[in-house]
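Now for the letters of each chain:
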Amino acid sequence: MAERVAILACVHANLPALEAVLFDIALQGIRRIVSLGDIVGYGDHPRECLTLLKDVDISIMGNHEEAIMFYGEDFNPKARESLEWTQEELNSPSFSREENQALWQQLGIMQQVVEDGDVMYTHGSPRVPTREYVVPADVRNAEKMSGIFDMVKRVCFIGHSHVPHVYTSDRKHASPDALSGAIDLRNLGDRKILINVGSVGQPRDGSTAASYVTFDGDVVRFRRVGYR
Ligand SMILES: [Fe+2]
């Protein structure tokens, strides 16, 4: 069994949600954290959320980080407004130049895909790391799913859609509830697996509780954390 890791995504600058999740992670004695991107965007605490996740073990770039650094033309008006507000916030004259620079540097070193043995981490999908969505209807798209799984050695953790879900290379899929909140990868045989960890700050699956997973190398456990 490997050292346990907490894997989270799509905080979206929601500080109360992130604090609740980090507390839940600490309560379990987990020290390693992987962030799958979109720490910023939509919410009003980008600086605080970036700072809380400054020292995570792996930090993946989401489409919102990519957009505030490079472009955001394809964002809808509301997302674009939040993108511009976030850019201004990270350049706020209320903070020193060094503090602002440190936040931009943190964004600049985020990676699109990280592989750790046979475990892959990315934001959207291995094919188009910051942008491609994988949703349950995709199991009917054999070309898309086989293209994605061809790039995965055994397991790939993603975020981006804000819906916690599991997909296997035999084109089956399941919600965390259908799996009683956990999946033991030792039962997969030769199948590969794609695991969406859901969203900390803006879940889109009907529950407002923050979502993330823990992983010990064998078992993935989905967790939900309520917050105020
Ligand atoms: Fe995203």
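Residues numbered from 1 in each chain as written. Predicted model: local features only at pLDDT ≥ 70, side-chain atom pairs only at ≥ 80, totals over all residues. Heavy atoms only, no water.

## Things to note about the nonpolar core
The following threshold applies: Nonpolar cores are built from buried Ala, Val, Leu, Ile, Met, Phe, Trp, Tyr and Cys residues. Side-chain atoms within 4.5 Å join them into one set. Burial status follows relative accessibility: with a 1.4 Å probe on protein chains alone, a residue under 20% of its type maximum counts as buried, one over 50% as exposed, and anything between as partly exposed. The helix count covers DSSP runs of H or I at least four residues long, the strand count covers runs of E at least two residues long, and both are numbered beginning at the N terminus. Any two residues having at least one pair of non-hydrogen atoms within 4.5 Å are treated as being in contact.
Among the nonpolar cores identified, the biggest contains 32 residues, and Leu8, Val21, Ile25, Leu50 and Leu53 are the most heavily contacted of them. Looking at this core element by element, the count peaks at seven residues for helix 1 (residues 15-27). Every residue in contact with valine 21, bar those within four places of it in the chain, is listed here: Leu8, Val200, Ala210, Tyr212 and Val225. Formed by 24 residues, the second largest nonpolar core is a distinct cluster that contains Val114, Val119, Val155 and Leu188.

## A word on the environment of glutamate 66
Structurally, glutamate 66 can be placed in helix 3 (residues 63-69). Once the C-alpha coordinates of glutamate 66 and arginine 131 are considered, the two residues, 65 residues apart in sequence, prove to be 9.7 Å apart.

## Here's the deal with the pairing of strand 10 (residues 193-196)
Put simply, the rule is: At least two bridges found by DSSP between two strands is the condition for calling them paired.
On strand 10, burial covers both faces: Ile193 and Ile195 on one face and Leu194 and Asn196 on the other are all buried. Bridge count for strand 6 (residues 155-158) against strand 10 is four bridges, and the pairing is parallel. Residue pairing across strands places isoleucine 158 opposite asparagine 196, the latter belonging to strand 10. Bridge analysis of strand 7 (residues 165-168) against strand 10 gives four bridges, and the strand direction is antiparallel. Residue pairing across strands places histidine 165 opposite asparagine 196, the latter belonging to strand 10.

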